[in-house]
Amino acid sequence: QVQLVESGGGLVQPGESLRLSCAAPKNLFDFAILAWYRQAPGKQRERVAEISASGSTVYADSVEGRFTISRDAAKNTVYLQMNNLIPEDTAVYYCNRVRNLKPWGQGTQVTVSS
């Protein structure tokens with residue numbers, strides 16, 4: 001997608017880690033509050049982490065202490081480092097501006113299963 005492209009998902013066992021990547025246009029990267037969202041089966045989409053242009057971060061209670069959102073200026077890329085994954089983290093993960101752009105991208109599937 002021209003706007004935002006997610007990658008890095010996969011199938012892992014509980015306790016393992018993944019790093020998701022989101023390539024963003026420079027203007028969005030430099031000035032927008034960017035976020036990771038996820039949608040699990042039977043649930044509404046939820047915002048799990050966000051990062052501002054100044055580097056301030058906010059996390060959902062469900063991922064606090066396990067996930068870290070970060071930015072790489074050289075690559076115009078936002079990352080989500082996910083550690084100590086649990087089955088409840090299974091979902092399709094999307095990146096977007098907090099003031100959402102439409103349409104949403106394809107997302108990337110994360111499955112945590114033993």
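Check the entry above for the structure.
Now for a description of the structure that goes with this document. All values derive from a computational prediction rather than experimental measurement.

## Concerning the overall build of the protein chain
Next, step 1: A count of helical and extended segments in the protein chain gives 1 helix and 10 strands.
Next, step 2: Starting at the N terminus, the α and β elements of the protein chain follow one another as β-β-β-α-β-β-β-β-β-β-β.
Next, step 3: Judged by the C-alpha coordinates and their principal axes, the protein chain covers about 40 × 25 × 20 Å.
Next, step 4: Here the protein chain, with 114 residues, has 42% of them falling under the buried criterion.
Next, step 5: In the protein chain, the proportion of contacts linking residues at least 24 apart, taken out of those at least 6 apart, comes to 53%.
Next, step 6: Element-wise, carbon and sulfur atoms account for 48% of the exposed surface of the protein chain, whose accessible area totals about 6200 Å².
Next, step 7: Put simply, the protein chain has 12 plus and 10 minus side-chain charges, and the middle of one group is 8 Å from the middle of the other.

## Brief notes about the sheet that holds strand E7 (residues 67–72)
Next, step 1: Strand order across the open sheet formed by 4 strands is E1-E3-E8-E7, with antiparallel pairing between neighbours. Every other strand in the sheet has two partners, leaving strand E1 (5–7) and E7 as the edge strands with one partner each. For this sheet, the mean angle separating the axes of adjacent strands, direction not counted, is 15°.

## Section: the nonpolar core
Next, step 1: One finds Trp 36, Ile 69, Val 78, Leu 80, Met 82 and Tyr 93 to be the most contacted residues of the largest nonpolar core, which totals 30 residues.
Next, step 2: The contact partners of Met 82, leaving out residues within four places of it in the chain, are Glu 16, Ser 17, Leu 18, Leu 20, Arg 66, Phe 67, Tyr 93 and Val 110.

## Remarks on the state of the cysteines
Next, step 1: Evaluation of the coordinates by the stated rule reveals 1 disulfide.
Next, step 2: Disulfide pairing is shown between Cys 22 and Cys 95; the S-S distance is 2.0 Å. Taking the sign of the S-S torsion, about 70° here, the bridge from Cys 22 to Cys 95 comes out right-handed. Of this pair, Cys 22 sits in strand E3 (residues 18–23) while Cys 95 sits in strand E9 (residues 91–97); the two residues are 73 residues apart in sequence, bridging distant segments of the chain. Side by side, Cys 22 and Cys 95 carry an identical accessibility label, which is buried.

## Examining the sheet that holds strand E6 (residues 57–59)
Next, step 1: Within the open sheet, the 6 strands sit side by side as E2-E10-E9-E4-E5-E6. Their pairing is mixed. One side of each edge strand has no neighbouring strand; the edge strands of this open sheet are strand E2 (10–12) and E6. Strand-to-strand, the axes of this sheet are offset by a mean angle of 25°, without reference to chain direction.
Next, step 2: Taken together, the 3 bridges between E9 and strand E10 (residues 108–112) define a ladder with antiparallel strand orientation. Looking at E10, one finds that Tyr 93 is bridged to Thr 108.

## Thoughts on the pattern of salt bridges
Next, step 1: Counting across every chain of the model gives 5 salt bridges.
Next, step 2: Two residues, Lys 26 and Asp 30, come together in a salt bridge whose shortest N-O distance is 3.1 Å. One end of the pair, Lys 26, and the other, Asp 30, are both in helix H1 (residues 26–31), 4 residues apart, so they sit about a helical turn from each other.
Next, step 3: Measuring nitrogen to oxygen at the nearest pair gives 2.7 Å for the salt bridge that ties Asp 89 to Arg 66. Of the two residues, Asp 89 is situated in the loop between strand E8 (77–82) and E9 and Arg 66 in the loop between E6 and E7; the sequence distance between them amounts to 23 residues.
Next, step 4: For Asp 89, a relative accessible area of 1% translates into the label buried.
Next, step 5: Connected through salt bridges with shared partners, the residues Arg 38, Glu 46, Arg 66 and Asp 89 form a single ionic network.

Calculation criteria
- Residues numbered from 1 in each chain as written.
- Predicted model: local features only at pLDDT ≥ 70, side-chain atom pairs only at ≥ 80, totals over all residues.
- Heavy atoms only, no water.
- Helix = DSSP H or I, 4+ residues; strand = E, 2+ residues; numbered from the N terminus.
- Buried < 20%, exposed > 50% of the residue type's maximum accessible area, 1.4 Å probe, protein only.
- Contact = heavy atoms within 4.5 Å.
- Areas by Shrake-Rupley, 256 points an atom, 1.4 Å probe, with all protein chains shown as cover.
- Lys, Arg positive; Asp, Glu negative; His and termini not counted.
- Charge placed at Lys NZ, Arg CZ, Asp CG, Glu CD.
- Pairing = 2+ DSSP bridges.
- Axes fitted to C-alpha atoms, helices over the stretch in contact; angles between N-to-C directions.
- Core = buried A, V, L, I, M, F, W, Y, C linked by side-chain atoms within 4.5 Å.
- Disulfide = S-S within 2.5 Å.
- Salt bridge = Lys/Arg side-chain N within 4 Å of Asp/Glu carboxyl O.

The values reported here are purely geometric and, on their own, carry no functional implication.
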